[in-house]
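Chain by chain, the residues run as shown.
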Amino acid sequence: MIRLDTPDPFGIYSNPVGHWFVVVIAMLLLAFVLITATAYVVFFERIALGWMQRRPGPNRVGPGGFLQLAADGVKGLFKEGFAPVGVDRVLFVVAPGIAVASVLLGWAVIPVGIWGSITYWISDLNIGILLVLAVSSMNVYAIMLGGWASNNKYSLLGGMRAAAQLISYEMAMGLSLVPVFLIVGSLRLQDIVGFTVHWGPYSGPIPLLLLAPVSFLIYLVAAVAETNRAPFDLPEAEQELIGGFLTEYSGFRFFMFYLAEYLGVLTQSTLIALLFFGGWYLPLIPGAIALFIKVVLLVFIFIWLRGTLPRLRYDMLMRLGWKALLPLGIANVLVTSILVVLLS
Amino acid sequence: MSVFSDVAALLVGLKTTLGETFKPHVTVQWPEEKSVRSERYRGRHYLRRYDNGLERCIGCELCAAACPVGCILVIAAENTAENRVSPGERYAKVYEINMLRCIFCGYCEEACPVQAIVLGPEYELSNVSREQFIYTKEMLLEPSPQQPPLYAGKKSQH
Amino acid sequence: MGPATIVFWLASAVALAGGLGVVLFKEPIRNVLSLVLVMLSLAVLFLLLSAQFVFAVQVIVYAGAVMVLFLFVITLLGPVREQGTVRLPWQIFISAVVIAAFAGFLVAMLRGVSYRTPDAADPIFGSVQSIGVGLFTDYLFPFELTSILLLVAAVGC
Ligand code: SF4
Ligand code: SF4
């Protein structure tokens, strides 16, 4: 069951009220940190994309444009949340909520190393990363229902594309992680981060990227597809679907979808950092800072891909998912299992 | 293998964008910096004067006739001996341009027989009410030569 | 009544409400979403029974993939309300018979059940490891047979 396994110096967890108090405070703090961080992911993306296109990006609000996101947020809150005629009111409102929830829930099992051996996490489930995959698979409902409830053909098409795309790439994503589980022998994120090897003179943590590079590549591609970001942004596709499932959304509800997308980028970057780059282990650098550096670099990769690659055509998307990533993933599992058995 | 050439193409693309990232920006930081505009830029209109201070416009309404969107209004009046505004027979008593309509095509400038109406380099014309986009003669007319000119250039066209 | 009991009653209530929704809603999309609700609350019940892996699989496979395909088909029908209802002849009679039969089944099944407090599960119960060991030792044969069945269905020969 869900519990909070942090060192307990004041005996506060043995007290049931104190326990829940701490859990609720921890969750609120996490939500606050995540939403703020998401705002700065958006800011980082706008600056980075700007630089790639040889322009400075937002630089007007506050020093260096740093308050741009606060201004955008306030604007979004006060905009009219318009719902066109013929929408399914209930689902139209529920869909953005599902989008945010499906990303935020994954953080229930994502641990963050702070300093030395101090680690922050909310729950430490045996299934670990499977929970993240499970709740993030709920994201497809947000997009499909949003697209369907909008009563708009383009939105519906966006929703359809999202359903096919997310299901296809979830397969590749799950398969790409199997070799990691095989090597580490556990699904718990803490075990994966703390994976150590004893190779002759060297004994210590090792980024799993070195042991499972193919997994990393497949996971990266699948993660970009799962977050619906360019070059896999077919569900929104501004050019041919006028924004897809987002077409009819405005104001606060649009911001929820927007938040979910960038929160997804942040979550996937953190997961990749934890899974393949040794999480918060970096020689000489305290945990939180090491993790921060890795996450920033990975977020940059997401932005870099968006700034470089054109959108895939629909049949190419399906071909890449089913005919390239999936067989590659299966071969990867096979080879890794053989190697694990031979070397152990 | 075509897969490898495809991946190589992706990598070339990624390298290009990364290279561009650290090159200097080309954005002009308006309004602190202004871009350079050509001599022949067609911006806000001016009504010119002769060097002796008389208005060039003779109220012939050719500009109004040439204007493809019909945004110029000219109402002419006779010059008299005691009130001489322009060298010709008549002068423009009312001269208005509706800047919301104007497409800055410069046909008025072409049509004018005395080069009275010209398009200047100014382009920051935004405003907060429609009424303020009706530019009256007072706004368009160059100050008399006693005052310093609003802008330099375009004096020696044709 | 500990938190687990509260969660149990809540999840059961949601599951039952979802089940009713599947039958009673007029719009197909609401039926599908009710079924999703049933799947999710069943997943919560699995979690309460310490079956963490089954919980994850229930959410990923049933709620995340199978139901999405249902939804895929339903949404293509468009947001039109179902026009009128076609009734079978003798419909009330037939449904009464079916309901009675199923109620009989349920009663017959529940008669043999005796209730007791569950044994304290050992910590590895329901974990990925125990499921894996089970699949590849005791249940290897049914597991492999199922895989072949699914493969045949997927290839479609
Ligand atoms: S620039 Fe063209 S549109 Fe504008 S006033 Fe002159 S003739 Fe009319
Ligand atoms: S501006 Fe030129 S064309 Fe227009 S009325 Fe005056 S003289 Fe005639």
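Only a predicted model underlies this, so the values are computations on that prediction, with no experimental measurement involved.

Asks: I'd like to hear about the interface of chain A and chain C, residue by residue, with values.
Replies: Between chain A and chain C, the residue contacts involve 27 residues of the former and 29 residues of the latter. Summing both partners gives a buried area of about 2,500 Å² for chain A against chain C, and 76% of it is carried by carbon and sulfur. At the boundary of chain A with chain C, the tally comes to zero salt bridges. Scanning the region where chain A abuts chain C turns up two residue pairs in polar contact (both at pLDDT 80 or more). Residue assignment for the side of chain A that touches chain C shows that the elements contributing at least two residues are α3 (89-104), α4 (129-136), α5 (139-149) and α6 (153-184) of chain A.

Asks: With reference to specific residues and values, describe a nonpolar patch on the surface.
Replies: Residues and elements named next belong to chain A. Side chains of L282, L284, I285, I289, F292, I293 and L297 sit close together on the surface and give an oily, nonpolar patch of about 700 Å² of accessible area. In this fold, L282 is placed in the loop between α10 (251-276) and α11 (287-308). According to the relative accessible area criterion, L282 is partly exposed, its value standing at 30%.

Asks: An account of the interface of chain B and chain A is requested, with residue identities and associated values reported.
Replies: Residue-level contacts link 17 residues of chain B with 13 residues of chain A. Carbon and sulfur atoms make up 62% of the surface buried where chain B meets chain A, a total of about 1,400 Å² over both sides. By the criterion of area lost to chain A, the three top residues of chain B are L14(B), T21(B) and H25(B), representing 36% of everything that side buries. Our count for the contact surface shared by chain B and chain A stands at two salt bridges. Taken together, the residues of the side of chain B that touches chain A sort by class into eight nonpolar, six polar and three charged.

Asks: Summarise the packing of α5(A) against α6(A); cite the residues concerned and give the values.
Replies: Residues and elements named next belong to chain A. With their axes 7 Å apart at the nearest point, α5 and α6 run at an angle of 160° to one another. In terms of orientation, α5 and α6 fall into the roughly antiparallel class. Like other packed secondary-structure pairs, α5 and α6 cross with a definite hand, here left-handed. Mapping the contact onto sequence places N139, V140, I143, M144, G147 and W148 in α5 and S155, L156, G158, G159, M160, A162, A163 and L166 in α6. Residue classes in the contact of α5 with α6 are distributed as nine nonpolar, five polar and no charged.

Asks: Mind laying out the site of ligand 2, listing which residues take part and the relevant values?
Replies: Around ligand 2, the structure places 13 residues, and the nearest of them are C57(B), C60(B), E61(B), C63(B) and C112(B). By residue class, the composition of the shell around ligand 2 is 11 nonpolar, one polar and one charged.

Asks: Tell me about unusual backbone geometry, and name the residues and values.
Replies: Cis peptide bonds are those with omega within 30 degrees of zero, and the linkage from W30(B) to P31(B) qualifies with 0°. Phi at N228(A) takes a positive value of approximately 60°, unusual for a residue other than glycine. Here N228(A) shows up in the loop between α8 (213-226) and α9 (238-241). Exposure remark for N228(A): the relative accessible area of 5% places this residue in the buried category.

Asks: Residues and numbers for the packing of aromatic side chains, please.
Replies: Residue and element names in this part refer to chain A. As enumerated under the stated definition, the model contains 21 aromatic pairs over all chains in all. Pairing F43 with F66 gives two aromatic rings, centres 5.3 Å apart and planes at 80°, and the pair type is edge-to-face. Within this pair, whereas F43 is found in helix α1 (residues 16-52), its partner F66 is found in the loop between α1 and α2 (68-78), the two being separated by 23 residues in sequence. The exposure class assigned to F43 is buried, which follows from its relative accessible area of 8%. Their ring planes at 85° and their centres at 5.4 Å tell us that F216 and F277 sit as a pair that is edge-to-face. Taken together, the residues span a long stretch of sequence, with F216 in helix α8 and F277 in the loop between α10 and α11 at a distance of 61 residues. Clustering of aromatic rings is evident, with ring pairs tying together F92, F245, Y249 and F257.

Quick notes on the rules
Residues numbered from 1 in each chain as written. Chains lettered and ligands numbered in written order. Predicted model: local features only at pLDDT ≥ 70, side-chain atom pairs only at ≥ 80, totals over all residues. Heavy atoms only, no water. Contact = heavy atoms within 4.5 Å. Buried area = accessible area lost by both parts, 1.4 Å probe. Salt bridge = Lys/Arg side-chain N within 4 Å of Asp/Glu carboxyl O. Polar contact = N/O pair within 3.5 Å; in protein donor to acceptor, adjacent residues only side chain to side chain. Helix = DSSP H or I, 4+ residues; strand = E, 2+ residues; numbered from the N terminus. Patch = residues over 30% accessible without salt bridge, like charges linked within 9 Å, V, L, I, M, F, W, Y side chains within 5 Å. Areas by Shrake-Rupley, 256 points an atom, 1.4 Å probe, with all protein chains shown as cover. Buried < 20%, exposed > 50% of the residue type's maximum accessible area, 1.4 Å probe, protein only. Nonpolar A, V, L, I, M, F, W, Y, C, P; charged D, E, K, R; others polar. Axes fitted to C-alpha atoms, helices over the stretch in contact; angles between N-to-C directions. Parallel < 35°, antiparallel > 145°, perpendicular 65-115°, else oblique. Left-handed = near helix turned anticlockwise from the far one by under 90°. Near = heavy atom within 4 Å. Phe/Tyr/Trp six-rings, centres within 6.5 Å; stacked < 30°, edge-to-face > 60°.

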